[in-house]
Amino acid sequence: LSADDIADALRKSRDTLKCISLNECTVNDKVLHEMASCTKLRGIILDNIQFRDGETRDAKLALVLKSSSDLRWIFVHNSSFKEECWNALESADTCPNLEVLWIQSTRTTDTRMDVAQGDHDTIRIALNSRSTKLQLCMINPDENLKSRFIMGGPPPTE
(Lines give C-alpha, C1' and ligand atoms only; values in the text may rest on other atoms or scores of the structure.)
Protein backbone atom coordinates (compact mmCIF):
# COMPACT_ATOMS: atom_id res chain seq x y z
CA LEU A 1 0.00 0.00 0.00
CA SER A 2 1.12 3.52 -0.66
CA ALA A 3 1.10 6.23 2.00
CA ASP A 4 -1.91 7.79 0.28
CA ASP A 5 -3.76 4.44 0.42
CA ILE A 6 -3.03 4.19 4.14
CA ALA A 7 -4.26 7.76 4.69
CA ASP A 8 -7.44 6.99 2.75
CA ALA A 9 -8.10 3.86 4.84
CA LEU A 10 -7.58 5.87 8.03
CA ARG A 11 -9.96 8.56 6.81
CA LYS A 12 -12.65 5.99 6.11
CA SER A 13 -12.31 4.38 9.54
CA ARG A 14 -11.62 7.46 11.67
CA ASP A 15 -14.78 7.01 13.78
CA THR A 16 -14.25 3.31 14.55
CA LEU A 17 -10.52 2.53 14.42
CA LYS A 18 -9.16 1.44 17.81
CA CYS A 19 -5.58 0.53 16.97
CA ILE A 20 -3.14 0.95 14.15
CA SER A 21 0.05 -0.92 13.40
CA LEU A 22 2.33 0.41 10.70
CA ASN A 23 5.36 -1.80 10.10
CA GLU A 24 8.10 -1.28 7.53
CA CYS A 25 6.11 1.06 5.34
CA THR A 26 6.37 4.60 4.04
CA VAL A 27 4.10 7.24 5.54
CA ASN A 28 3.62 10.92 4.86
CA ASP A 29 2.04 13.91 6.59
CA LYS A 30 -1.41 12.83 5.34
CA VAL A 31 -1.12 9.55 7.24
CA LEU A 32 -0.23 11.35 10.48
CA HIS A 33 -3.00 13.90 9.91
CA GLU A 34 -5.55 11.11 9.45
CA MET A 35 -4.21 9.26 12.51
CA ALA A 36 -4.80 12.42 14.54
CA SER A 37 -8.44 12.45 13.39
CA CYS A 38 -9.17 8.92 14.65
CA THR A 39 -11.46 9.61 17.61
CA LYS A 40 -11.42 6.16 19.25
CA LEU A 41 -7.74 5.29 18.86
CA ARG A 42 -6.40 3.25 21.78
CA GLY A 43 -3.15 1.83 20.45
CA ILE A 44 -0.36 2.78 18.07
CA ILE A 45 2.54 0.73 16.75
CA LEU A 46 5.05 2.48 14.49
CA ASP A 47 7.86 0.05 13.71
CA ASN A 48 10.64 0.82 11.25
CA ILE A 49 8.58 3.21 9.17
CA GLN A 50 10.01 5.64 6.65
CA PHE A 51 8.76 9.21 6.33
CA ARG A 52 8.40 10.85 2.96
CA ASP A 53 7.84 14.32 4.43
CA GLY A 54 10.63 14.15 7.00
CA GLU A 55 10.87 17.69 8.30
CA THR A 56 7.51 17.74 10.06
CA ARG A 57 7.28 14.22 11.44
CA ASP A 58 8.03 15.00 15.10
CA ALA A 59 5.47 17.82 15.26
CA LYS A 60 2.89 15.76 13.34
CA LEU A 61 3.38 12.74 15.60
CA ALA A 62 3.04 15.04 18.63
CA LEU A 63 -0.28 16.20 17.16
CA VAL A 64 -1.42 12.57 16.99
CA LEU A 65 -0.57 12.18 20.68
CA LYS A 66 -2.37 15.39 21.65
CA SER A 67 -5.52 14.44 19.76
CA SER A 68 -5.71 10.84 21.02
CA SER A 69 -7.43 11.36 24.36
CA ASP A 70 -8.16 7.65 24.89
CA LEU A 71 -4.79 6.26 23.80
CA ARG A 72 -3.72 3.40 26.09
CA TRP A 73 -0.51 2.11 24.50
CA ILE A 74 2.23 3.37 22.20
CA PHE A 75 5.11 1.45 20.66
CA VAL A 76 7.45 3.50 18.49
CA HIS A 77 10.62 2.00 17.04
CA ASN A 78 12.13 4.59 14.74
CA SER A 79 13.68 8.03 14.92
CA SER A 80 10.45 10.02 14.76
CA PHE A 81 9.79 10.36 18.51
CA LYS A 82 11.70 13.51 19.41
CA GLU A 83 11.44 16.78 21.33
CA GLU A 84 7.88 17.71 20.27
CA CYS A 85 6.52 14.29 21.25
CA TRP A 86 8.13 14.44 24.68
CA ASN A 87 6.84 17.99 25.14
CA ALA A 88 3.35 16.74 24.28
CA LEU A 89 3.57 13.91 26.83
CA GLU A 90 4.71 16.36 29.49
CA SER A 91 1.14 17.69 29.54
CA ALA A 92 -1.36 15.79 31.70
CA ASP A 93 -4.00 16.50 29.04
CA THR A 94 -2.13 14.42 26.45
CA CYS A 95 -2.96 10.71 26.52
CA PRO A 96 -4.27 10.80 30.11
CA ASN A 97 -5.12 7.05 30.03
CA LEU A 98 -1.73 5.91 28.73
CA GLU A 99 -0.69 2.59 30.31
CA VAL A 100 2.10 1.32 28.03
CA LEU A 101 4.86 3.48 26.61
CA TRP A 102 7.65 1.79 24.64
CA ILE A 103 9.85 4.21 22.73
CA GLN A 104 13.01 3.27 20.89
CA SER A 105 14.13 6.46 19.20
CA THR A 106 17.79 7.33 19.54
CA ARG A 107 20.53 9.35 17.95
CA THR A 108 24.31 9.12 18.14
CA THR A 109 26.53 12.05 19.01
CA ASP A 110 30.31 12.47 18.86
CA THR A 111 30.62 11.29 22.45
CA ARG A 112 27.64 8.96 23.03
CA MET A 113 25.58 6.30 21.30
CA ASP A 114 21.84 5.71 21.63
CA VAL A 115 20.99 9.08 23.17
CA ALA A 116 17.31 9.90 23.67
CA GLN A 117 15.94 12.40 21.17
CA GLY A 118 14.57 15.03 23.50
CA ASP A 119 15.48 17.13 26.48
CA HIS A 120 16.28 14.67 29.25
CA ASP A 121 14.63 16.81 31.94
CA THR A 122 11.43 16.97 29.86
CA ILE A 123 11.50 13.19 29.41
CA ARG A 124 11.88 12.69 33.17
CA ILE A 125 9.01 15.09 33.91
CA ALA A 126 6.78 13.37 31.35
CA LEU A 127 7.55 9.92 32.78
CA ASN A 128 7.43 10.85 36.46
CA SER A 129 4.07 12.57 36.10
CA ARG A 130 2.68 9.30 34.70
CA SER A 131 4.31 6.94 37.18
CA THR A 132 1.03 5.92 38.83
CA LYS A 133 -0.74 5.21 35.52
CA LEU A 134 1.95 3.58 33.34
CA GLN A 135 2.03 -0.20 33.70
CA LEU A 136 4.97 -0.63 31.33
CA CYS A 137 7.54 2.01 30.47
CA MET A 138 10.48 1.16 28.24
CA ILE A 139 12.54 4.03 26.86
CA ASN A 140 15.43 3.21 24.51
CA PRO A 141 16.08 -0.20 26.04
CA ASP A 142 19.55 -1.65 26.05
CA GLU A 143 20.46 -5.12 24.77
CA ASN A 144 19.11 -6.62 28.04
CA LEU A 145 15.77 -4.80 27.61
CA LYS A 146 16.48 -2.45 30.49
CA SER A 147 14.99 1.01 30.03
CA ARG A 148 17.51 3.84 29.85
CA PHE A 149 15.03 6.08 31.68
CA ILE A 150 13.47 4.88 34.90
CA MET A 151 10.46 6.64 36.35
CA GLY A 152 11.58 8.46 39.46
CA GLY A 153 15.19 7.56 38.67
CA PRO A 154 18.14 9.89 39.02
CA PRO A 155 19.68 11.59 35.97
CA PRO A 156 22.39 8.90 35.42
CA THR A 157 19.73 6.29 34.43
CA GLU A 158 19.50 7.63 30.86
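Placed above this text is the structure.
About the criteria used
- Residues numbered from 1 in each chain as written.
- Predicted model: local features only at pLDDT ≥ 70, side-chain atom pairs only at ≥ 80, totals over all residues.
- Heavy atoms only, no water.
- Helix = DSSP H or I, 4+ residues; strand = E, 2+ residues; numbered from the N terminus.
- Buried < 20%, exposed > 50% of the residue type's maximum accessible area, 1.4 Å probe, protein only.
- Contact = heavy atoms within 4.5 Å.
- Areas by Shrake-Rupley, 256 points an atom, 1.4 Å probe, with all protein chains shown as cover.
- Core = buried A, V, L, I, M, F, W, Y, C linked by side-chain atoms within 4.5 Å.
- Salt bridge = Lys/Arg side-chain N within 4 Å of Asp/Glu carboxyl O.

Here's the deal with the overall build of the protein chain
- Broken down by element type, the protein chain carries 5 helices and 9 strands.
- Each helix (α) and strand (β) of the protein chain, taken in turn from the N terminus, gives the series α-β-β-α-β-β-α-β-α-β-β-β-α-β.
- Taken over 158 residues, the protein chain has a buried fraction of 44%.
- The contacts in the protein chain between residues at least 6 apart in sequence include a share of 65% that link residues at least 24 apart.
- Surface exposure of the protein chain reaches about 8,200 Å², of which carbon and sulfur atoms provide 48%.

Digging into unusual backbone geometry
- One non-glycine residue, Asn-48, adopts positive backbone phi at about 55°.
- For Asn-48, a relative accessible area of 35% translates into the label partly exposed.
- The phi angle at Cys-95 is positive, at roughly 50°, despite the residue not being glycine.
- Locating Cys-95 in the fold gives a position in the loop between helix H4 (83-90) and strand S6 (100-104).

Structural notes on the nonpolar core
- Of all hydrophobic cores here, the largest spans 41 residues; its most connected members are Leu-22, Val-31, Met-35, Phe-81, Trp-86, Leu-89 and Leu-101.
- When neighbours within four sequence positions are excluded, Leu-89 is seen to be in contact with Leu-65, Phe-81, Thr-94, Cys-95, Leu-98, Leu-101, Ala-126 and Arg-130.

Focus on the pattern of salt bridges
- In this structure the tally under the stated criterion is 7 salt bridges.
- Of the charged contacts, one joins Lys-30 and Asp-4 as a salt bridge, the two residues approaching to 3.1 Å between their closest N and O atoms. Of the two residues, Lys-30 is situated in helix H2 (residues 29-36) and Asp-4 in helix H1 (residues 3-12); the sequence distance between them amounts to 26 residues.
- Asp-4 sits in the partly exposed class, given a relative accessible area of 35%.
- Put simply, Arg-42 and Asp-70 hold a salt bridge, and the shortest N to O gap is 3.2 Å. In this pair, Arg-42 sits in the loop between H2 and strand S3 (43-47) while Asp-70 sits in the loop between helix H3 (57-67) and strand S5 (73-77), placing the two residues 28 residues apart along the sequence.
- Several salt bridges share partner residues, and in doing so they unite Asp-8, Arg-11 and Lys-12 into one network.

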